[in-house]
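Next come the chains, spelled out residue by residue.
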Amino acid sequence: MLELGKGYQVAAGQDLVEGYEQTSETYLTANVGVKKLVEVCQHFIAIHPEPLFFILELPVTADREEEVAPGVLTESHRDVYYLDGCSQEVCLWLLEEYGNLLINDGMSKFGFGCHQSQDEIMLGQYNVVTIYSQQLENYADFFAAHEIFQVNQLVTAWDTFSVQTPGKSERVDYQGKSVYDLPAELKEVGMYLGETRVE
C-alpha cells in the first residue's frame, strides 16, 4: 500500500501502490511513497547540471477568495512562487531544509525545473509525482532506480474519490513552520510571486 504524507487521508487508500505510467508524449506520472519523495527529487536535481528553479504552489487563503455566498466559492486560486537561477547545491539545500515540511503538507505543491532543457518534476497532492520532458526517453530508468516500476494503468488517489470514498488534505506544520512561511523566509534569497492562477 502507498504510504502517504501526514497531511493526506484517502478512504480507499488500500487500492494505491507505487508505480508509474507514461501519460503522454511528454509526461510521466507516478505514485511515490513518502519515504522516497526526497530521494526522487535529489535524483532529478543530480542529473541536471544546469541552472534550476524551485516552484511552490500554495492555495490562496480564505480571506483573499471571493465568496458568492457565506462559505461558497465559484472558483479557488493558487499562488505560484518561484526561486530562479538555483545551483544544484541550492536545490539540495532546499530539500534538506524544507523537505520534511513539503512532502508531508497536504495543501501545497512543489517541484524543480530546468532553465535550459525545460524539464520539470512536480510533487502534487496525494503523493502524485509528474515529470515533464520533451526528451522523455532520458527518464526510461528514472523511477526504476527507486524500485518504482511501470504499470499499464496507474491508479492515483484522485481516481478513488467519490462520495463513499473521499479524500482529505490538510496543512501540516513541521518544527513550528508551515508552507505559508516559506515565501517570506525565502524572499531574501530571491523567491517571488510569479502568478495567481485558478485552481
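As the structure is a computational prediction, the values presented were derived from the model and not from experiment.

Q: Outline the overall build of the chain, supporting the account with residue identities and numerical values.
A: For the chain, the count of helices and strands is 4 helices and 12 strands. For 199 residues, the compact-globule estimate of 2.2 N^0.38 gives 16 Å, and the chain sits close to it at 17 Å. By its C-alpha atoms, the chain is 50 × 45 × 35 Å across when sized along the principal axes. Residue burial in the chain is summarised as follows: out of 199 residues, 46% are buried.

Q: With reference to specific residues and values, describe the state of the cysteines.
A: A covalent bond between the sulfur atoms of two cysteines is referred to as a disulfide. Applying the stated criterion across every chain, the model contains 0 disulfides. With no disulfide of its own, C91 lies 4.5 Å from the sulfur of C86, the closest cysteine sulfur. On the accessibility criterion, C91 (0% relative accessible area) is buried. No disulfide involves C114; its nearest neighbouring cysteine sulfur is the one of C91, lying 8.8 Å away.

Q: Quick rundown of helix α2 (residues 88–104)? Include the residues and the values.
A: The first and last C-alpha atoms of α2 sit 23 Å apart over 17 residues, in line with the 24 Å expected at 1.5 Å per residue. Along α2, the largest kink reaches about 70° and is centred on Y98. Taken together, the buried positions of α2 are occupied by C91, L94, L95, Y98, G99, L101, L102, I103 and N104. Looking at the buried positions of α2, the neighbouring elements they touch are α1 (37–46), β4 (52–59), β7 (77–86), β8 (109–114), β9 (120–123) and α4 (182–186).

Q: Can you explain the pairing of β9? Please cite residues and give values.
A: In terms of strand pairing, β8 meets β9 through 4 bridges, oriented antiparallel. Following the sheet pairing, F112 is matched in β9 by I121. Between β8 and β9, which pair antiparallel and follow one another directly, the connecting turn spans 5 residues, one of which, Q118, has a positive phi of 70°. Where β9 meets strand β10 (residues 128–132), 4 bridges bridge the pair, whose relative direction is antiparallel. By the bridge assignment for β10, L123 is matched with V129. Connecting β9 to the antiparallel partner β10 that follows it, the hairpin turn spans 4 residues, and Y126 within it adopts a positive phi of roughly 60°.

Q: So, the nonpolar core: which residues are in play, and what are the values?
A: F54, L56, F110, F112 and F143 are the most contacted members of the largest nonpolar core, which totals 40 residues. It is α2 that contributes the most residues to this core, 7 residues altogether. Counting 7 residues, the second largest nonpolar core, distinct from the first, contains Y8, V10, L16 and A157.

Q: Would you mind going over the sheet that holds strand β2 (residues 19–22) in detail, with residue names and values included?
A: Judged by pairing direction, the sheet is antiparallel, and its 8 strands sit side by side in the order β2-β3-β10-β9-β8-β4-β7-β12 without closing on themselves. Each having just a single partner strand, β2 and β12 (192–198) make up the two edges of the open sheet. Averaged over neighbouring strand pairs, the angle between their axes works out to 20° when direction is ignored. Pairing analysis gives 6 bridges linking β7 to β12, with the strands arranged antiparallel. When the sheet's bridge partners are listed, R78 is paired in β12 with R197. Sheet strands touched by α2: β4, β7, β8 and β9. Its angle to β8, the strand with the most contacts, is close to 165°.

Q: Describe the side chain of S178, and please don't skip the residues or the numbers.
A: Tracing the sequence through the fold places S178 in the loop between β11 (167–169) and α4. Note on S178: relative accessible area 5%, which makes it buried. Setting aside residues no more than four positions away along its own chain, S178 makes contact with L101, R171 and D173.

Q: How would you summarise the pairing of β4 if you had to cite specific residues and measurements?
A: Looking along a regular strand, one sees side chains alternate from face to face of the sheet. Counting buried residues in β4 gives 8 out of 8 residues, a clear majority hidden from the surface. Of the two faces of β4, both are covered, the one formed by L52, F54, L56 and L58 as well as the one formed by F53, I55, E57 and P59. As defined by bridge partners, β4 adjoins β7 across 7 bridges and the pair is classed as antiparallel. Residue pairing for β7: L56 is matched across the bridge by Y81. As paired strands, β4 and β8 are joined by 6 bridges and run antiparallel to one another. Within β8, the position partnered with E57 by the bridge is K109.

Definitions and cut-offs
Residues numbered from 1 in each chain as written. Predicted model: local features only at pLDDT ≥ 70, side-chain atom pairs only at ≥ 80, totals over all residues. Heavy atoms only, no water. Helix = DSSP H or I, 4+ residues; strand = E, 2+ residues; numbered from the N terminus. Rg over C-alpha atoms; globule rule 2.2 N^0.38 Å. Buried < 20%, exposed > 50% of the residue type's maximum accessible area, 1.4 Å probe, protein only. Disulfide = S-S within 2.5 Å. Expected span 1.5 Å × (residues − 1). Bend = angle between axes of the 7 residues up to and from the residue. Contact = heavy atoms within 4.5 Å. Pairing = 2+ DSSP bridges. Core = buried A, V, L, I, M, F, W, Y, C linked by side-chain atoms within 4.5 Å. Axes fitted to C-alpha atoms, helices over the stretch in contact; angles between N-to-C directions.

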